[in-house]
Amino acid sequence: MTTVRYDVAIVGSGAGGGTVAQALAPLAKDGKRVLVLERGPRFRDQDFTGRELEMASALYAGQGGTLTADGTMTLAYAEGYGGSTIVYTGTSLPPPERVIRRWNVPGLDPADLARRTRKYLAENNVHLLAPELLNDNNRLFAEGAERAGYRAEQFPLNLKGCRGSSLCNLGCPNAAKQGTNRVQLPNAERQGVEVVTRALVRSVGERALDVLVLERPPGGKGTDPEWKPGSYRVEANTIVLAGGVMGTPPLLLRSGLARLPKRIGAGFTCHPAHILVGEHPHPITNDVGHPKSFYLDRAEAEAFVLETCMYFPFTTAKNLTGFGPSHSALMRAFPRLQMILVLACDRPTPENRIAVDRSGCPVVHYRFTQPVTQAMVRATRTAARIFFAAGAVRVHAPSADPPLVEASEADRLEDRIHERHFRTGTISISAAHLMGGCGMGSGPADSVTDSWGRVHGRPWLRVADASLFPGALEINPYLTIMALADRVAEGVLKELG
Amino acid sequence: MATNFPSAPLPLCQALISTLVPETAGATPEQWAELERTIEQVLATRAPGLRRQLGIFMRLLDAVARIRFGRPLAQLDPPRREAFLEGLARSPLLFIRRGIWGLRTLVMMGWYTQPGVAASLGYRAGAGGWSARS
């Protein structure tokens with residue numbers, strides 16, 4: 001084992017780790033040693049082919065099919081230089097003030113988060129797409145919502161040079177999304193921050209990390225690791241954990257550090273989601289253009305959010321319920337399909353948590369509460385109204401039985417789409433907004449860290465990712481992660497700068 | 001030609017695959033090979049026990065078909081096979097529902113990730129985006 005020494009070691013390079021890396025880059029310019037350890041590879045531009053299976057295998061843990069403990073929900077998160085910012089759609093919403101107030105974290109001021117968010121809105125080139133770049137899939141959502149009496153809003157997006165490939169979730173083939181792989185990490189590296197990819201952090205000890213650097217597999221995408229493959233002991237005065245919800249809490253749980261807060265792994269939320277499909281009588285533009293341009297925020301009133309979306313053939317097939325001829329017929333209608341993503345705003349429960357198995361790998365325990373299933377059903381009815389108002393002739397609703405709801409049934413949605421049809425193991429439910437497990441709070445009895453991401457009882461150890469969230473954010477989380485990570489970095493700078 | 005991916009008898013595998021995705025009945029040898037390769041690749045990345053569990057689950061489906069219809073699943077006509085699997089997909093037992101869901105997911109992954117299949121659906125997404133549509 002090789003021992004190396006750094007002033008700061010950051011585990012993870014996504015929205016949290018990338019932000020911390022850039023914010024600490026002045027330390028590197030001043031001669032201090034700052035290291036980022038990323039489990040996944042550093043992809044090259046030519047690696048982003050847009051091919052579904054190839055990219056899902058390369059970018060997502062478990063090919064995007066990581067299951068919860070009871071196998072009823074898949075969890076999607078990426079591993080690579082940039083973390084899940086490689087695969088998000090770039091939707092850039094600031095943290096809702098009401099949610100931050102509800103979190104009730106001492107010292108966490110919504111105005112402070114808003115100020116930090118504005119910095120990253122500018123840095124990431126966030127703007128609204130011009131109307132001529134909106135495809136029919138998105139336009140129909142906005143029009144249908146208006147006709148159905150709802151107010152859809154346009155997503156601000158962090159794009160530069162978007163060509164409308166629609167392949168955001170497979171990694172942009174045109175380097176247009178301004179994720180940490182495009183903005184913060186390259187900026188940090190230019191200033192002297194070191195990034196080592198294919199670096200699996202096996203455990204964290206007292207101011208030290210046990211790291212295994214892996215070889216690039218034969219034919220694997222991405223570059224070779226920056227360090228020679230093998231085992232390393234990384235000693236650091238300050239360690240920042242930013243490996244995401246599937247990285248940070250499991251790392252702490254398997255490390256066996258004494259006297260850690262007991263809440264590690266607790267408070268998991270994820271915005272459980274599923275895809276709805278509306279079939280139009282004529283082809284629409286759906287597989288070209290940015291896929292996620294509008295949303296309908298009903299979080300506060302009805303505990304759900306609707307977002308436009310457009311997925312790839314297999315992802316679409318998997319998300320339609322059933323199989324056989326009727327399933328095939330809907331797949332053949334692909335050029336006529338409009339899609340809406342339904343997200344439920346879940347709340348922490350004692351049962352929903354992150355644990356580790358005997359080998360230290362993450363295991364997520366998640367049970368769908370009645371409020372969550374009710375929210376998904378309400379959301380599905382609302383989406384169906386929007387589809388029909390937009391001109392769809394039928395809607396595929398997973399919580400309807402049979403799942404195809406005809407336009408002639410539009411006045412019976414309360415009956416056709418119902419909680420009694422919401423049956424896990426039949427409906428394809430997935431989550432990409434993984435939150436909690438190292439929640440902020442006032443002390444070790446109710447939380448894992450303080451509002452600056454410091455782990456209670458371990459001032460040298462900080463957390464800077466979505467595991468800090470004490471509850472669901474109720475919007476897309478990356479900007480909030482960046483704002484919190486910015487605070488974490490500020491705390492480190494005060495200590496070391 | 002067809003995969004026997006979870007070590008289940010070939011006719012059973014073929015029957016299940018073509019029931020879940022009927023288009024596979026007309027697949028070319030290359031498409032079958034691709035489907036098989038994809039499923040093998042996916043199973044290779046999962047826990048070693050999963051392949052065995054799938055094999056047991058498929059044999060269990062066959063046994064239930066024999067009890068209920070007096071014939072193996074592969075000898076049922078396609079509509080009856082479909083109805084049989086649909087009934088199981090609504091089972092009150094979560095492990096049955098999950099098993100059907102897992103099987104269909106594997107087969108659909110093996111089929112719908114094929115570029116030729118995606119193109120045949122009219123799916124045309126590419127790096128060129130809007131500029132490729134003019």
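Right above here is the structure, for reference.
This one's a predicted model, so the numbers in the text were calculated from it and none came from an experiment. (Residues numbered from 1 in each chain as written. Chains lettered and ligands numbered in written order. Predicted model: local features only at pLDDT ≥ 70, side-chain atom pairs only at ≥ 80, totals over all residues. Heavy atoms only, no water.)

A. Representation of the overall build of chain A within the structure. Assigned secondary structure in chain A consists of 14 helices and 22 strands. Here the C-alpha atoms of chain A give a radius of gyration of 22 Å, agreeing with the 23 Å that 2.2 N^0.38 yields for 497 residues. Seen through its C-alpha atoms, chain A measures out along the principal axes to roughly 70 × 45 × 40 Å. Burial analysis of chain A (497 residues in total) assigns 63% to the buried set. The long-range fraction of contacts in chain A, counting pairs at least 24 apart against all pairs at least 6 apart in sequence, stands at 75%. Only carbon and sulfur atoms are counted for the fraction: they give 49% of the accessible area of chain A, which is about 17,200 Å². For chain A, the separation between the mean place of its 56 positive charges and that of its 49 negative charges on side chains is 3 Å. (Helix = DSSP H or I, 4+ residues; strand = E, 2+ residues; numbered from the N terminus. Rg over C-alpha atoms; globule rule 2.2 N^0.38 Å. Buried < 20%, exposed > 50% of the residue type's maximum accessible area, 1.4 Å probe, protein only. Contact = heavy atoms within 4.5 Å. Areas by Shrake-Rupley, 256 points an atom, 1.4 Å probe, with all protein chains shown as cover. Lys, Arg positive; Asp, Glu negative; His and termini not counted. Charge placed at Lys NZ, Arg CZ, Asp CG, Glu CD.)

B. Structural context of the interface of chain B and chain A. The partner chain A presents 49 residues to the 39 residues of chain B that form the contact. In total, chain B and chain A occlude about 3,600 Å² of area from one another, counting both sides; carbon and sulfur atoms represent 60% of this. For chain B, the biggest contributors to the area lost against chain A are Trp-101, Tyr-123 and Trp-130 of chain B; these three give 22% of the whole. For the pair chain B and chain A, the interface holds three salt bridges. Linking chain B with chain A are 18 residue pairs in polar contact (both at pLDDT 80 or more). (Buried area = accessible area lost by both parts, 1.4 Å probe. Salt bridge = Lys/Arg side-chain N within 4 Å of Asp/Glu carboxyl O. Polar contact = N/O pair within 3.5 Å; in protein donor to acceptor, adjacent residues only side chain to side chain.)

C. Representation of the nonpolar core. If you look at the biggest cluster of nonpolar residues, it comprises 106 residues, and the most contacted ones within it are Leu-37, Leu-209, Trp-227, Val-234 and Leu-306 of chain A. Here this core gets ten residues from one element, more than from any other, and that element is helix α12 (residues 370–389) of chain A. Beyond its immediate sequence surroundings of up to four residues, Leu-209 of chain A is in contact with Ala-9, Val-11, Leu-37, Val-201, Ser-203, Val-204, Tyr-232, Arg-233, Val-234 and Ile-239 of chain A. In terms of nonpolar packing, the next biggest core, distinct from the first, is built from 73 residues, Val-277, Ala-317 and Leu-320 of chain A together with Ala-8 of chain B among them. (Core = buried A, V, L, I, M, F, W, Y, C linked by side-chain atoms within 4.5 Å.)

D. Fine view of helix α6 (residues 136–147) of chain A. All names here are of chain A. Taking 1.5 Å of rise per residue, twelve residues should cover 16 Å, and α6 covers 16 Å from first to last C-alpha, within 8% of that figure. Taken residue by residue, α6 has Asp-136, Asn-137, Asn-138, Leu-140, Phe-141, Ala-142, Gly-144 and Ala-145 as its buried positions. Residue Asn-135 occupies the N-cap position of α6, its side-chain oxygen lying 3.2 Å from the main-chain nitrogen of Asn-137. Following α6 by one or two positions, Gly-149 adopts a phi angle in the positive range, close to 95°. (Expected span 1.5 Å × (residues − 1).)

E. The state of the cysteines, seen in detail. Residues and elements named next belong to chain A. Summed over the entire model, instances satisfying the criterion amount to zero disulfides over all chains. Among the cysteines around Cys-309, which has no disulfide bond, Cys-168 carries the closest sulfur, lying 12 Å off. Overall, Cys-309 belongs to the buried group, its relative accessible area being 1%. (Disulfide = S-S within 2.5 Å.)

F. Layout of unusual backbone geometry. All names here are of chain A. For the bond from Asp-401 to Pro-402, the omega torsion is 0°, close enough to zero to count as cis. Summarising the element assignment, Pro-402 is placed in the loop between β18 (394–396) and β19 (404–406). Positive phi, close to 55°, is recorded for Gln-63, a residue that is not glycine. Positionally, Gln-63 belongs in the loop between α3 (52–59) and β3 (66–67). Phi is positive for Arg-198, which is not a glycine, with a value near 55°. Tracing the sequence through the fold places Arg-198 in the loop between β8 (194–196) and β9 (199–205). The buried category is assigned to Arg-198, whose relative accessible area is 7%.

G. Quick peek at the packing of aromatic side chains. Residues and elements named next belong to chain A. Across all of its chains, the model carries twelve aromatic pairs over all chains by this definition. One aromatic cluster is present, formed by Phe-268, Tyr-366, Phe-368 and Phe-422 through successive ring pairs. Over the ring of Tyr-6 we find Arg-33, and its NZ or CZ is 4.1 Å from the ring centre. If you follow Lys-494 out to its NZ or CZ, it ends over the ring of Trp-452, 5.1 Å from the centre. (Phe/Tyr/Trp six-rings, centres within 6.5 Å; stacked < 30°, edge-to-face > 60°. Lys NZ or Arg CZ within 6 Å of the ring centre and 35° of its normal.)

H. Structural view of helix α5 (residues 110–123) of chain A. Residue and element names in this part refer to chain A. Given a rise of 1.5 Å per residue, 14 residues ought to cover 20 Å, and the 20 Å separating the end C-alpha atoms of α5 matches this to within 8%. For α5, the set of buried residues is Pro-110, Asp-112, Leu-113, Arg-116, Thr-117 and Tyr-120. All buried residues of α5 lie within an arc of 155° about the axis, which places them on one face of the element. Looking at α5, the residues exposed on the side facing more than 90 degrees away from the buried face are Arg-118 and Ala-122. On the buried face of α5, the contacting elements are α1 (15–23), α4 (97–103), α7 (184–190) and α14 (478–496). Where α5 starts, the residue carrying a side-chain oxygen 3.1 Å from the main-chain nitrogen of Ala-111 turns out to be Asp-109. (Arc of directions from axis to C-beta.)

I. View of the pairing of strand β11 (residues 230–241) of chain A. Residues and elements named next belong to chain A. In terms of strand pairing, strand β1 (residues 2–11) meets β11 through nine bridges, oriented parallel. Bridge pairing links Val-4 to Val-234 in β11. Bridging between strand β10 (residues 208–213) and β11 involves six bridges; their strand directions are antiparallel. The partner of Val-211 across the bridge, within β11, is Tyr-232. Examined bridge by bridge, β11 and strand β22 (residues 458–463) share three bridges and lie parallel to one another. For Val-240, the partnering residue across the bridge sits in β22 and is Arg-462. (Pairing = 2+ DSSP bridges.)

J. Spatial organisation of the pattern of salt bridges. All names here are of chain A. One pass over the structure, following the stated rule, counts 46 salt bridges over all chains. Ionic pairing is found between Glu-143 and Arg-139, a salt bridge with its closest N-O pair at 2.9 Å. Pair noted here: Glu-143 and Arg-139 are both in helix α6, with a separation of four residues, about one helical turn. For Glu-143, a relative accessible area of 27% puts it in the partly exposed group.

K. Examining the pairing of strand β13 (residues 294–298) of chain A more closely. All names here are of chain A. Relative to β13, strand β6 (residues 153–154) is paired through two bridges, and the arrangement is antiparallel. In the sheet register, Glu-153 faces β13, and the bridge partner there is Tyr-295. Sheet topology places β13 next to strand β14 (residues 304–308); four bridges connect them, and they run antiparallel. The residue of β14 that forms the bridge with Arg-298 is Phe-304.

L. Broad picture of the side chain of Ser-91 of chain B. Examined against the element boundaries, Ser-91 of chain B turns out to sit in the loop between α4 (78–89) and α5 (94–112). Exposure remark for Ser-91 of chain B: the relative accessible area of 9% places this residue in the buried category. With sequence-adjacent residues up to four places away left out, Ser-91 of chain B is seen in contact with Arg-423 of chain A together with Ile-96 and Arg-97 of chain B.

M. Just the environment of Glu-153 of chain A, in detail. Residue and element names in this part refer to chain A. Turning to its location among the elements, Glu-153 is positioned in strand β6. A relative accessible area of 26% places Glu-153 in the partly exposed class. Along the primary structure Glu-153 and Phe-294 are separated by 141 residues, whereas in three dimensions their C-alpha atoms are 5.5 Å apart. In contact with Glu-153, not counting residues within four places along its chain, are Ser-293, Phe-294, Tyr-295 and Asp-297.

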